[in-house]
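Architecture and fold: a report
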Amino acid sequence: MKNQLSVKLESNSYTIQWDPDFDALAEWVLRNKNKQKNGLITNELVYSLYKDKIAKLFPDFEIFTIPDGEAQKNIHTVESLAQRLLECGFTRNSCLWALGGGVIGDITGFLASIYMRGIDYFQIPTTLLSMVDSSVGGKTGVNLPKGKNMIGAFYQPQGVFINITFLNTLEQQEIKCGLSEIIKSALILDSEFYEYIENSCEKILEKDLDVFSQLSYRSVAIKAFVVGKDEKEQGLRAILNLGHTLAHALESHYGYKAIKHGEAVSAGIHFATLLSSKIEGFSDQKRVENLLDALKLTSRFSQLPEENRPQIDTLIQFMKGDKKNIDSDIRFVLLRQIGNCKLPEKIADKEIWEILETYLKS
C-alpha cells in the first residue's frame, strides 16, 4: 500500500499520509506546525487515553478539550471554543489541529473556517470513520436540533495524518460505525473493493490493522477522486451521500444521542438498497444485506434503539428537511449495480412510504 495520497483541488491541494509510527507523526507535526501559535482540539476520552503522547507530540500547543459525543457538535461548542482562542491570543496567523473522530474534525474545521475569517487547520483522525471518510474532503459544520450539519462550510485542511494504531483503543461500536462508510464507498464506485471487503470479513472482525490500513487507503482514494472532481457538491460529490438521507433523519429523531452516525448510515444503506431494488432493479440487495449482517452492523429496523422508535411519517418529515433536497422533494442516491450508482433524484413520498413499510419489518 502507498503511504501518501493527494487531494487535488483548484484552490487548495493537500496530502494525506499513512504511517503507524508515532515518531513519524511527531516529525509531521514538527514540520507543519505554525511558527506563532498552535491549538490542539480533542475530546476528553482521547485526551485521557493519550495524555502522555499528546504531551510529547504537541509540547508547546494550547490544548482544548470538549466532552465526547455527537451532542457536542453544535454552535454553542464552536462559540465557546472561539472565545477561548481569543482569550489565548490566537490570531489569523495561528493554526488549529484536530485530534479525534468526525465530531472533533467537523467542529475544528468549522471553527477554523470562521475564526478571524479563516485560519489553517490539520486533521489527525483517531476513529475508523474519520480515517475512511470525514477527515478528508473539507466538509465542516455543526448540527441543529432538527437537522444534521445545517450550519457549516466547505473548508479544506492543510494536511491529514492517519496513524492506524489509534484503532487499538477504539471500541467495537466505533469500529462498526466506520465500516458502514467503507461499504458505502465501495458500493458507489468500486466493485472490486466491495469484493475485498466481503473476503476480509474474518480479519475485519479480528481488527487486523493491516486490513484496516487497506480499507482506509482505498476508501479515502475514492473520496479524494470524487472531491477532486466536485469540491463543493455541485454534482458528482452527492453520490457520497448514499444511505445518508435516512441516516440523518434517524439521528435527528433520536436527538444525536441514542444512535451513532455510522450506525444510522448502516440502516440508511440497507434502506437505500431496498429502494434501489424496486426503482432501479438493483439485483444485489441480499448480497449487501448479507455483508452488513456478516460484519454485525446495525442495519435492520429491529436493531435500532427500542425506546422511541420512529414512525414512518416522522422519518419522512425529517427527510423532507434534509439540506440536499430541492423544494422539500426527498432525494436519494440509488444503486444500479455494486460499484455503479446514480446521482440523487426525487423519489415520490408514496414510494418511500412503501419501502419504509418493508424496512420496518426488517
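Going by the structure above, here's the rest.
The following paragraphs examine the structure supplied in this document.

What counts and what doesn't
Residues numbered from 1 in each chain as written. Predicted model: local features only at pLDDT ≥ 70, side-chain atom pairs only at ≥ 80, totals over all residues. Heavy atoms only, no water. Helix = DSSP H or I, 4+ residues; strand = E, 2+ residues; numbered from the N terminus. Rg over C-alpha atoms; globule rule 2.2 N^0.38 Å. Buried < 20%, exposed > 50% of the residue type's maximum accessible area, 1.4 Å probe, protein only. Contact = heavy atoms within 4.5 Å. Areas by Shrake-Rupley, 256 points an atom, 1.4 Å probe, with all protein chains shown as cover. Lys, Arg positive; Asp, Glu negative; His and termini not counted. Charge placed at Lys NZ, Arg CZ, Asp CG, Glu CD. Axes fitted to C-alpha atoms, helices over the stretch in contact; angles between N-to-C directions. Parallel < 35°, antiparallel > 145°, perpendicular 65-115°, else oblique. Left-handed = near helix turned anticlockwise from the far one by under 90°. Nonpolar A, V, L, I, M, F, W, Y, C, P; charged D, E, K, R; others polar. Pairing = 2+ DSSP bridges. Salt bridge = Lys/Arg side-chain N within 4 Å of Asp/Glu carboxyl O.

A separate point is the overall build of the protein chain. Looking only at helices and strands, the protein chain features 15 helices and 13 strands. In terms of overall dimensions, the protein chain is globule-like: its C-alpha atoms have a radius of gyration of 20 Å, near the 21 Å expected for 362 residues. With the principal axes as the frame, the protein chain shows a C-alpha extent of 60 × 40 × 40 Å. For the protein chain, the residues scored as buried account for 56% of the 362 residues in total. Intrachain contacts of the protein chain at a sequence separation of at least 6 include 73% that bridge at least 24 residues. For the protein chain, the exposed area adds up to about 15400 Å²; of that, 45% sits on carbon and sulfur atoms. Charge separation in the protein chain, taken as the distance between the mean sites of 42 positive and 47 negative side-chain charges, equals 3 Å.

Next up on the list: helix α11 (residues 244–253). With 10 of 10 residues buried, α11 lies mostly within the body of the structure. Listing the buried residues of α11 in full gives His 244, Thr 245, Leu 246, Ala 247, His 248, Ala 249, Leu 250, Glu 251, Ser 252 and His 253. Of the surrounding secondary structure, the elements contacted by the buried residues of α11 are β8 (147–154), α7 (172–189), α12 (261–280), α14 (312–320), β10 (331–332) and α15 (349–359). Positive backbone phi, approximately 70 degrees, marks Gly 255, located one or two places after α11.

Attention shifts here to the packing of α12 against helix α13 (residues 285–294). Orientation of α12 relative to α13, taken along the N-to-C sense of each, is 165 degrees, at an axis distance of 9 Å. Accordingly, the angle class assigned to the pair α12 and α13 is roughly antiparallel. Handedness of the crossing formed by α12 with α13: left-handed. For the pair α12 and α13, contact is made by Ser 266, Ile 269, His 270, Thr 273, Leu 274 and Ser 277 and by Gln 285, Val 288, Glu 289 and Leu 292, respectively. Across the contact of α12 with α13, the residue classes tally to four nonpolar, five polar and one charged.

All right, on to the environment of Gln 158 then. Positionally, Gln 158 belongs in the loop between β8 and β9 (159–162). Taking the relative accessible area as the measure of exposure, Gln 158 reaches 32% and is therefore partly exposed. A C-alpha to C-alpha distance of 8.1 Å links Gln 158 and Gln 123, two positions 35 residues apart in sequence. If we skip the residues at most four places from it in the chain, Gln 158 touches Asn 12, Tyr 14, Asp 120, Tyr 121 and Phe 122.

With five bridges connecting them, strand β7 (residues 139–144) and β8 associate as antiparallel partners. For Thr 140, the partnering residue across the bridge sits in β8 and is Ala 153. Taking the residues that link successive antiparallel strands as the turn, the β7-β8 hairpin has two residues.

With that settled, the discussion passes to the pattern of salt bridges. Scanning all chains against the criterion turns up 19 salt bridges. A salt bridge links Arg 300 to Glu 289, with the shortest nitrogen-to-oxygen separation between them at 3.1 Å. Taken together, the residues span a long stretch of sequence, with Arg 300 in the loop between α13 and α14 and Glu 289 in helix α13 at a distance of 11 residues. Between Glu 345 and Lys 342 there is a salt bridge, with its nearest N and O atoms 2.9 Å apart. On the basis of relative accessible area, Glu 345 is assigned to the partly exposed category, the value being 24%. Shared partners join several salt bridges into a network, and the residues in it are Asp 133, Glu 181, Lys 184 and Lys 223.

For the rest of this paragraph, the subject is the side chain of Ser 134. Here Ser 134 shows up in helix α6 (residues 128–134). Since its relative accessible area comes to 14%, Ser 134 is described here as buried.

This part takes up the pairing of strand β3 (residues 38–43). Where burial is concerned, most of β3 is hidden: six out of the six residues are buried. Of the two faces of β3, both are covered, the one formed by Asn 38, Leu 40 and Thr 42 as well as the one formed by Gly 39, Ile 41 and Asn 43. Summarising the sheet, β3 and strand β5 (residues 95–100) pair through five bridges and their orientation is parallel. By the bridge assignment, Leu 40 is partnered in β5 with Trp 97. Sheet topology note: the β3/strand β4 (residues 62–66) ladder contains five bridges and is parallel. Paired with Ile 41 across the two strands is Phe 64, which belongs to β4.

That's the geometry; what it means functionally is another story.
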